[in-house]
Amino acid sequence: MDEKKPLRSQRSYGKLDRDGFIHRSWIKGTGLPDHVFDGRPIIGVCNTWSELVTCQYHLRELAEHVKRGVWEAGGVPIEFPAMSLPETQMRPTAMLFRNLLSMEVEESIRANPIDGVVLLGGCDKTTPGQLMGAASVDLPAMVVSSGPMLNGKFQGRDIGSGTDVWRFSEAVRAGEMSLTDFMRAESGMSRSNGVCNTMGTASTMASLVEALGMSLPGNAALPGPDSRRKTLAHLTGNRIVELVKQDVRMSQILTREAFENAILLHAAIGGSTNAVVHLLALAGRVGVPLSLDDFDAIGREVPLLVNLMPSGKFLMEDLSDAGGIPAVLKELRPLLRTHAMTVSGHMLGEIAEAADEAYNREVVATLEAPFGPSSGVWVLRGNLCPHGAILKPSAATPSLLTHRARAVVFEDIEDYKARIDDPDLPCEADSILVLKGCGPKGYPGMPEVGNMALPRKLLAQGVRDMVRISDARMSGTAYGTVILHVSPESEAGGTLALVKDGDEIEFDGPNRRLELLVDEAELGRRRVEWEQAKAPSRFERGWYRLYIDTVLQADRGADLDFLVGKSSADVTRESH
């Protein structure tokens, strides 16, 4: 660090005047002694601990290990809270509050006298929300994820978070599993703290944090209860102090090359589709040019290397035992942007080179003998999605990746719930299910309902997958031939709003096309009708109103328009 540049915290704690007296006196009420204000780095520990969510229930304890590391390295740790976003508990959807969390984190960092920050989070929207907020301030920062829960257990076999919920639920609806067994599986699925043990959004984002260079190696896969995660937290506490001394800021880590590495890893692990909106939003905060098409172009030739649910059969604990994300990065070396720097002080290529070969080739395959073909995310274009839509091919039925059929349309999620099991629903095995009103503005918040459960009458016939299209998201633990994030969404006047029952839709996955086979004159007539019938929003106040008025579409990360682009850490006035 330039010796002439004082630590940010010294503007509050280093002054020998009335203001310095006030700042030091008040913080001394927490038990800090005089000598810690001698110019040591003040490290914020941003903790999303909450009893509302299993994912982050153990973060209180993990924070203590971060603090040990900070103290050991000569820093002063000060823990502060940020809102938790429990995916399964929040209504209407946790995604509605990701940007709110980012604002809280941003302003908490900017407004307080800290020099660097460690972000403690885990559940799906928590990690991206914290990263987005910290990136907007651009101080030295590191991530410690909460880690996955232990493998689920039921009737002598492993079961996975979310993925087996969807599978068991469909089996009950099809009469293949008893309700008693379904309820018995409940207790065995989540049997420790930590995030989903499948490659859902939480573990995907923790993995991408490693590829982005924002954590120490091993962050993603070590189980939440594993003592080695406490060690990782301690070492992170050590390292963040060094980053502050060297003035290594997030913008120096989150480069275009870092995002390209994240996209490459995302394809190799069969990562959640939700990562697309999160990476786009994060790139927008740091001013890195990143587009929806980059996910297809960069990840197109990357095969599926990791055999985890929902694209495979193993779970995160198995990936940890096989060597974790460093073992996957080792296999990806020929494709990586190896010179991208990480918070560890090593380039990502050096981390990949130093990693051990995978210990279990059933879990982590090689580029020469991958677990599956080119994976990643398919970005679709056409008159139904002029700004794009996405599909996860590794979780889809291959025979449905080219499909032409008539639409069965649901105007919103309530319409879907009311009619999906109606025996008179005009739906055949080859129909395409279309759901509207579930985009960022429409729900609001873009919920995880895109993987619509299939009609009961078709389940009884043995149907287990159908093409489904919506402006919604889906859980990273889900599977199926599900086309998501249609943009513009129906609420914003996208073509999706104009689809009617019986319309033909053509989906050509290999050629990345999604077309509504209705002529332009008819679509123009429908658009006039739609605009005349459009009701005003029922949300008139508070966060909902601000969100609806300013949220961007999915192809731009669903961030708020006024949050795009980083700002200075020091735009606030000095306190008096």
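The coordinates are above.
Let me begin by describing the structure that accompanies this report. This one's a predicted model, so the numbers in the text were calculated from it and none came from an experiment.

**Observations regarding the packing of aromatic side chains**
Okay, step 1: This structure, assessed with the given rule, holds five aromatic pairs.
Okay, step 2: With a centroid separation of 4.9 Å and an interplanar angle of 25°, the aromatic rings of F539 and Y544 are classed as stacked.
Okay, step 3: A residue is classified by how much of its surface remains accessible, and Y544, at 24% relative accessible area, is partly exposed.
Okay, step 4: Geometrically, the ring pair formed by W543 and Y547 is tilted, given 6.1 Å between the ring centres and 55° between the ring planes. Here Y547 and W543 lie together in helix α20 (residues 542-550), a separation of four residues that amounts to about one turn. Across the pair, Y547 and W543 agree in class, each one buried.
Okay, step 5: Over the aromatic face of W49 sits the side chain of R60, whose NZ or CZ is 3.7 Å from the ring centroid.

**Let's talk about the sheet that holds strand β4 (residues 141-145)**
Sheets are built from strands paired through backbone hydrogen bonds, the pairs being either parallel or antiparallel.
Okay, step 1: Taken in spatial order, the four strands of this open sheet run β2-β1-β3-β4, and their pairing is parallel. Each edge of the open sheet carries a strand with a single partner, namely β2 (76-81) and β4. Here the average twist between neighbouring strands, direction ignored, is 20°.
Okay, step 2: Taken together, the five bridges between strand β1 (residues 42-47) and strand β3 (residues 116-121) define a ladder with parallel strand orientation. Counterpart to G44 in the pairing with β3 is V117.
Okay, step 3: Helix α4 (residues 98-111) contacts β1, β2 and β3 of the sheet and is inclined by roughly 145° relative to β2.
Okay, step 4: Helix-sheet contacts for helix α9 (residues 227-246) involve β1, β3 and β4, and the interaxial angle to β4 is about 175°.

**Focus: the pattern of salt bridges**
Okay, step 1: For the coordinates displayed, the defined rule picks out 47 salt bridges.
Okay, step 2: R18 serves as the salt-bridge partner of D19, at 3.7 Å between the closest nitrogen and oxygen.
Okay, step 3: Assessed through its relative accessible area of 13%, D19 is described here as buried.
Okay, step 4: Between R167 and D164 there is a salt bridge whose closest N-O contact spans 2.7 Å. Highlighted residues: R167 and D164, both in helix α6 (residues 163-173), separated by three residues, approximately one helical turn.
Okay, step 5: For R167, a relative accessible area of 36% translates into the label partly exposed.
Okay, step 6: Connected through shared salt-bridge partners, E87, D124, K125, E448 and R473 make up one network.

**Focus: the environment of F314**
Okay, step 1: If you trace the backbone, F314 turns up in the loop between β7 (303-304) and α14 (316-322).
Okay, step 2: With relative accessibility at 16%, the residue F314 sits in the buried group.
Okay, step 3: Ignoring any residue separated from it by four or fewer positions in sequence, one finds F314 in contact with N307, L308, M309, E362 and V363.

**With respect to the nonpolar core**
Across soluble globular proteins, you tend to see nonpolar side chains buried next to one another.
Okay, step 1: Ranked by internal contacts, the top residues of the largest apolar core, which has 125 residues, are I109, L212, M214, F259, L265, L319 and V328.
Okay, step 2: V328 has contacts with L265, A268, I269, V306, L319 and V364, leaving out every residue within four places of it along the chain.
Okay, step 3: Counting 28 residues, the second largest nonpolar core, distinct from the first, contains A396, L401, A407 and L496.

**Observations concerning the packing of helix α11 (residues 256-269) against helix α13 (residues 292-299)**
Okay, step 1: Running from N to C, α11 and α13 point in directions that differ by 65°, and their axes come no closer than 9 Å. Where α11 crosses over α13, the two elements pack in a sense that is right-handed. From α11, R256, E260, I263, L264 and A267 reach across to α13, where they touch D294, F295, I298 and G299.
Okay, step 2: Along the lines of polarity and charge, the residues of the contact of α11 with α13 split into five nonpolar, one polar and three charged.

**Things to note about the sheet that holds strand β14 (residues 482-487)**
Okay, step 1: With respect to topology, eight strands assemble into an open sheet ordered β9-β10-β14-β13-β12-β11-β15-β16, the strand pairing being mixed. Edge positions in the open sheet fall to β9 (378-380) and β16 (513-516), since each of these has one partner strand only. Across the sheet, the mean angle from the axis of one strand to that of its neighbour is 25°, orientation sign disregarded.
Okay, step 2: Of the pairings in the sheet, the one linking strand β10 (residues 388-391) to β14 comprises two bridges and is antiparallel in character. Pairing of I390 across the sheet is with L484, part of β14.

**What about the environment of G323?**
Okay, step 1: Summarising the element assignment, G323 is placed in the loop between α14 and α15 (324-331).
Okay, step 2: According to the relative accessible area criterion, G323 is partly exposed, its value standing at 26%.

**Some details on the pairing of β4**
Okay, step 1: Summarising burial for β4: five of the five residues are buried, a large majority.
Okay, step 2: Because side chains alternate across β4, one face comprises the buried residues A141, V143 and S145, and the other comprises M142 and V144, equally buried.
Okay, step 3: Here β3 pairs with β4 via five bridges, running parallel. Across the sheet, L120 pairs through a bridge with V144, a residue of β4.
Okay, step 4: Each parallel crossover has a hand, and for β3 linked through helix α5 (residues 126-137) to β4 it is right-handed.

**Quick word on α9**
Okay, step 1: Taking 1.5 Å of rise per residue, 20 residues should cover 28 Å, and α9 covers 29 Å from first to last C-alpha, within 8% of that figure.
Okay, step 2: Buried residues in α9 make contact with β1, α3 (59-72), β3 and β4.
Okay, step 3: D247 sits one or two positions beyond α9 and adopts a positive phi of about 55°.

Conventions used here
- Residues numbered from 1 in each chain as written.
- Predicted model: local features only at pLDDT ≥ 70, side-chain atom pairs only at ≥ 80, totals over all residues.
- Heavy atoms only, no water.
- Phe/Tyr/Trp six-rings, centres within 6.5 Å; stacked < 30°, edge-to-face > 60°.
- Buried < 20%, exposed > 50% of the residue type's maximum accessible area, 1.4 Å probe, protein only.
- Helix = DSSP H or I, 4+ residues; strand = E, 2+ residues; numbered from the N terminus.
- Lys NZ or Arg CZ within 6 Å of the ring centre and 35° of its normal.
- Pairing = 2+ DSSP bridges.
- Axes fitted to C-alpha atoms, helices over the stretch in contact; angles between N-to-C directions.
- Contact = heavy atoms within 4.5 Å.
- Salt bridge = Lys/Arg side-chain N within 4 Å of Asp/Glu carboxyl O.
- Core = buried A, V, L, I, M, F, W, Y, C linked by side-chain atoms within 4.5 Å.
- Left-handed = near helix turned anticlockwise from the far one by under 90°.
- Nonpolar A, V, L, I, M, F, W, Y, C, P; charged D, E, K, R; others polar.
- Right-handed = clockwise from strand over helix to strand, strands pointing away.
- Expected span 1.5 Å × (residues − 1).

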